[in-house]
Amino acid sequence: MTKNLLVELGLEELPAYVVTPSEKQLGQKMEAFLTEHRLSFETIETFSTPRRLAVRVRGLADKQTDLTEDFKGPSKKIALDADGNFTKAAEGFVRGKGLTTADIEFREIKGEEYVYVTKNEEGKSAKDVLVAIPELLQSLTFPVSMAWANNSFTYIRPVHTLTVLLDDEALDMDFLDISSARTSRGHRFLGKETEIASADSYEADLRAQFVITDPAERQNMIVEQIKAIEDKHNVTVEIDQDLLNEVLNLIEYPTAFMGSFDTKYLEVPEEVLVTSMKNHQRYFVVRDKSGKLLPNFISVRNGNDQHIDNVIKGNEKVLVARLEDGEFFWREDQKLKIADLVERLKVVTFHEKIGSLYEHMERTKVIAEKLADLAGLSADEKADVARAADIYKFDLLTGMVGEFDELQGIMGEKYALLAGEKPAVAAAIREHYLPNSAEGELPESKVGAVLALADKFDTLLSFFSVGLIPSGSNDPYALRRATQGIVRILEAFGWEIPLDQLIAELYSLNFASLTYDNQPAVMDFIRARVEKMMDKAIPKDIREAVLASSTFVVRLQLAASSAIFQKSKEADYKEAVENLSRVFNLAEKAETTAIDEALFENAEEKALFEAVVGLELTEDMTENLNKLFALSPVIAAFFDNTMVMADDAAVKVNRLALLKALADKASSVAVFNKLNSK
């Protein structure tokens, strides 16, 4: 016989970004809890609103499965003394399992007998197991926690109710000074406390109190309501998924409505209006069928449609205040001069341990000039890079960016164009922030890409130089994102710039403002970002072998890792890797790369030498790998007929030099003795 279990935790309003992850975590913890306690079930459903987290288990068994488990103990010669009596070792073993020596039997394994005991444990009732639910709830983790009243414990938010129902039976338990019952809270303004009749009636009981517990249902309501508004007014609404998720987790009963604002604000750049609506007010943007921004917005009320006109007016009033700010800053910022703003950056701190933003820009300009050469930019493009590097942070001191920091770079481009800067320079000011997330869009122009790389390189090296290095998940200065951006930009633009050589050159630069330090840590950090870009299916040994190669060009390393991974599925992979690994192992003992053909003593030695001399590797990693694997028979024949560590010192040195010559060429693809050939 099975039953349905409902667990609901009623809380003070949760931050929107915590709701969905916490709901998923509760479901995962419940599944793990039931599995660990041998309680079978059919399905697990989760629910959430800003004021509750809940989980329902359908088809829950009424008792645990019985447990029969064998335990292996000491060998018979240790378990019995000379007189055939059980030793303390045997007695201690069975006592630890809650059994006695009478339960011991001996089983033979590979010619030797060992103590074995079998423990049978009858399953407990589901009710007896479920008393541990408070421990499950206590195990939930959150980004932040708080204490309240005089309590010593902390949690994401104060707990108000706990409901635990097994079908229609309420189970008694306590969690953080809250005793369980069947009472749940309805909508803060439209509903009231209500009793949940059973695990199956959960959604209906709370819907009657204006709470839609299923987030998927709430989302569908929002989307359908917005579509109805679109049809009624012949408009298009941008349903941004991130915004939808946030709104979804701010409400318990959704009602969408459309508001408006004065058309005069459309003279302000669209980005300002969109930022004000989406980021600050959590409104959806409205456009006409051609994509033109309209003086309207969509918001979602946490409640029904009663007095909706007053709600619309209130939202319009709040938005207008934001738009007034935007209009004011747009007008006033145009009175400022870029040169004056750049000069003021000299007293704006980049970081107290690193210096000013102006000094950061100076270092970035030097790096940008070097990168522009390496990337093969034209003379005009180099001039644009230099100009952009001179001014690219100026918009941080404008009123608009001070009020709407999400617009940094975006307003820099607009103000630069108004000031007469070239479009390429203005675009680079915007693009240098890209990518602004792990998978965010990349710069489109070469000028913008070079400036973005230079800015990120100085940021990375500067913070590492003063010891501000990310550890664990802690990365307050987003250095992982910056470095991932470097790797992604290099790969996207196909710039085959060896990162090891570039970093070495950057560390040789001399700046009055800062001396770069911690070069090995920087290199390891960059390698970790390159590894992150490799296909997740590629085994760790292949990734490590490629990252240790002599080629530190992002595109080529990614290509090499994919080529080796594909080759690893072929029949000749194991033998070829073993032969190349042997070459690498012995090459580490080489003292020179000078090879004297006169010292060759057999045909196989000469054949390998000729193969190495004729080996020409290119930028096609698949072709390179094919060439190296084609040498496998030649390598095998060499080892079968040649004693590398010969008694004659000159012959030994010569043979090691030959192997090193091959390893040096092959290492442009990977360090093959790091590959697992088993």
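Residues numbered from 1 in each chain as written. Predicted model: local features only at pLDDT ≥ 70, side-chain atom pairs only at ≥ 80, totals over all residues. Heavy atoms only, no water.

Enquirer: Would you mind showing me how to read the overall build of the protein here?
Expert: Within the protein, the secondary structure is distributed over 27 helices and 18 strands. For the protein, the C-alpha radius of gyration of 34 Å lies well beyond 26 Å, the compact-globule estimate for 678 residues. Its C-alpha atoms put the protein at 100 × 95 × 45 Å along the principal axes. A buried classification covers 49% of the 678 residues belonging to the protein. Only carbon and sulfur atoms are counted for the fraction: they give 47% of the accessible area of the protein, which is about 31,900 Å². Each charge class in the protein can be summarised by its mean position, and for the 79 positive and 112 negative side chains these summaries are 2 Å apart. (Helix = DSSP H or I, 4+ residues; strand = E, 2+ residues; numbered from the N terminus. Rg over C-alpha atoms; globule rule 2.2 N^0.38 Å. Buried < 20%, exposed > 50% of the residue type's maximum accessible area, 1.4 Å probe, protein only. Areas by Shrake-Rupley, 256 points an atom, 1.4 Å probe, with all protein chains shown as cover. Lys, Arg positive; Asp, Glu negative; His and termini not counted. Charge placed at Lys NZ, Arg CZ, Asp CG, Glu CD.)

Enquirer: Explain the packing of helix 21 (residues 540–547) against helix 22 (residues 554–567) here, please?
Expert: Pairs of packed helices are described in terms of their axes, by the angle between the two and the distance that separates them. It is at 9 Å that the axes of helix 21 and helix 22 come closest, and there the two elements cross at 140°. Between helix 21 and helix 22, the interaxial angle falls into the category oblique. Here helix 21 runs over helix 22; the crossing is right-handed. Side by side, helix 21 and helix 22 meet where Ile542, Val546 and Leu547 of the first sit next to Gln557, Ala560, Ser561, Ile564 and Phe565 of the second. Residue classes in the contact of helix 21 with helix 22 are distributed as 6 nonpolar, 2 polar and no charged. (Axes fitted to C-alpha atoms, helices over the stretch in contact; angles between N-to-C directions. Parallel < 35°, antiparallel > 145°, perpendicular 65-115°, else oblique. Left-handed = near helix turned anticlockwise from the far one by under 90°. Contact = heavy atoms within 4.5 Å. Nonpolar A, V, L, I, M, F, W, Y, C, P; charged D, E, K, R; others polar.)

Enquirer: Whenever I open this one, unusual backbone geometry confuses me. Can you help?
Expert: What is expected of a backbone is that most residues other than glycine have negative phi and most peptide bonds are trans. In the segment running from Leu434 into Pro435, the intervening peptide bond is cis, with an omega of -10°. Its place among the elements puts Pro435 in the loop between helix 16 (423–431) and helix 17 (446–465). You will see that Asp167, though not glycine, has its phi angle at about 60°, which is positive. Take Asp167: it is sitting in the loop between strand 7 (159–166) and strand 8 (169–170). Even without a glycine there, the phi angle at Phe210 is positive, about 60°. For Phe210, the position within the fold is in the loop between helix 6 (202–207) and helix 7 (215–233).

Enquirer: How should the sheet that holds strand 14 (residues 254–260) be read in this particular structure?
Expert: Each strand in a sheet pairs with its neighbour through backbone hydrogen bonds, running either in the same direction (parallel) or in the opposite one (antiparallel). Taken together, the 4 strands give an open sheet; going across it, the order is 13-15-16-14, and neighbouring strands pair in antiparallel fashion. The strands lining the two open edges of the sheet, one partner per strand, are strand 13 (236–237) and strand 14. When strand 13 meets strand 15 (residues 284–287), the two strands line up antiparallel, connected through 2 bridges. Looking at the pairing, Val237 lines up with Val286 of strand 15. (Pairing = 2+ DSSP bridges.)

Enquirer: Just checking my understanding: could you explain the pairing of strand 3 (residues 52–61) for this structure?
Expert: A regular strand places its side chains so that they alternate between the two faces of the sheet. When you tally the buried positions in strand 3, you get 9 out of 10 residues, the bulk of the element. Across 8 bridges, strand 1 (residues 2–11) lies against strand 3 in antiparallel orientation. Bridging from a neighbouring strand, Leu6 pairs with Arg56 of strand 3. Where strand 2 (residues 43–49) folds back on strand 3, the antiparallel hairpin that results is connected by 2 residues.

Enquirer: Sorry if this is basic, but what is going on with the nonpolar core here?
Expert: The tendency in soluble globular proteins is for nonpolar side chains to be buried as a group. Counting residues in each nonpolar core, the largest one holds 134 residues, and the members touching the most others are Phe457, Trp495 and Phe672. Sorting elements by how many residues they give to this core places helix 17 first, with 12 residues. With sequence-adjacent residues up to four places away left out, Phe457 is seen in contact with Ile367, Leu371, Ile486, Leu499, Leu502, Ile503 and Leu506. Among the nonpolar cores identified, the runner-up in size contains 38 residues, and Val129, Leu171, Leu176 and Ile178 belong to it. (Core = buried A, V, L, I, M, F, W, Y, C linked by side-chain atoms within 4.5 Å.)

Enquirer: Explain the pattern of salt bridges here, please?
Expert: Under the criterion given, the structure shown has 48 salt bridges. The partner of Lys346 in a salt bridge is Glu343, and the shortest N-O contact between them spans 3.1 Å. Residue Lys346 is classed as partly exposed on the basis of its relative accessible area of 39%. Residue classification places Glu343 among the partly exposed residues on the basis of a relative accessible area of 46%. Residue Glu544 pairs with Lys540 through a salt bridge whose shortest N-O separation is 3.4 Å. Within this pair, Glu544 and its partner Lys540 are both found in helix 21, separated by 4 residues, close to a single helical turn. Given a relative accessible area of 48%, Lys540 falls into the partly exposed group. When salt bridges with common partners are traced through the structure, they connect Glu8, Glu12, Glu13, Arg51, Arg52, Arg188 and Glu252 into a single cluster. (Salt bridge = Lys/Arg side-chain N within 4 Å of Asp/Glu carboxyl O.)

Enquirer: Which parts of the structure should I look at to understand the UniProt feature "domain: DALR anticodon binding" (unreviewed entry) in the protein?
Expert: Sites flagged by UniProt as "domain: DALR anticodon binding" (unreviewed entry) map to residues 580–663. Secondary structure within residues 580–663 divides into 65% helix and 0% strand; the distance between the first and last C-alpha atoms comes to 8 Å. (UniProt positions renumbered as here; feature names shortened; annotations may be inferred.)

Enquirer: What should I look at first to understand the packing of aromatic side chains in this one?
Expert: Describing an aromatic ring pair means giving the distance of the ring centres and the angle of the ring planes. Enumeration over the complete set of coordinates arrives at 18 aromatic pairs. Centroid distance Phe142 to Tyr155: 5.1 Å. Interplanar angle 75°. Geometry classified as edge-to-face. Of the two residues, Phe142 is situated in the loop between helix 5 (133–138) and strand 7 and Tyr155 in the loop between helix 5 and strand 7; the sequence distance between them amounts to 13 residues. Tyr155 matches Phe142 in its accessibility class, with the two residues each being buried. On the basis of an interplanar angle of 75° and a centroid distance of 5.4 Å, the ring pair of Tyr155 and Phe175 is categorised as edge-to-face. Of this pair, Tyr155 sits in the loop between helix 5 and strand 7 while Phe175 is found in strand 9 (residues 174–175), placing the two residues 20 residues apart along the sequence. (Phe/Tyr/Trp six-rings, centres within 6.5 Å; stacked < 30°, edge-to-face > 60°.)

Enquirer: It is not clear to me how the pairing of strand 16 (residues 293–302) should be interpreted in this structure. Could you clarify?
Expert: Buried residues dominate strand 16, accounting for 8 of its 10 residues. Relative to strand 16, strand 15 is paired through 3 bridges, and the arrangement is antiparallel. If you follow Val285 over to strand 16, its bridge partner there is Phe297.

Enquirer: How should the environment of Val19 be read in this particular structure?
Expert: Structurally, Val19 can be placed in helix 1 (residues 16–36). Overall, the relative accessible area of 0% leaves Val19 in the buried class. Sequence separation between Val19 and Leu460 is 441 residues, and the spatial gap between their C-alpha atoms is 34 Å. Residue contacts for Val19: discarding those within four places in its chain leaves Leu14, Ser48, Thr49, Pro50, Leu53 and Asn249.

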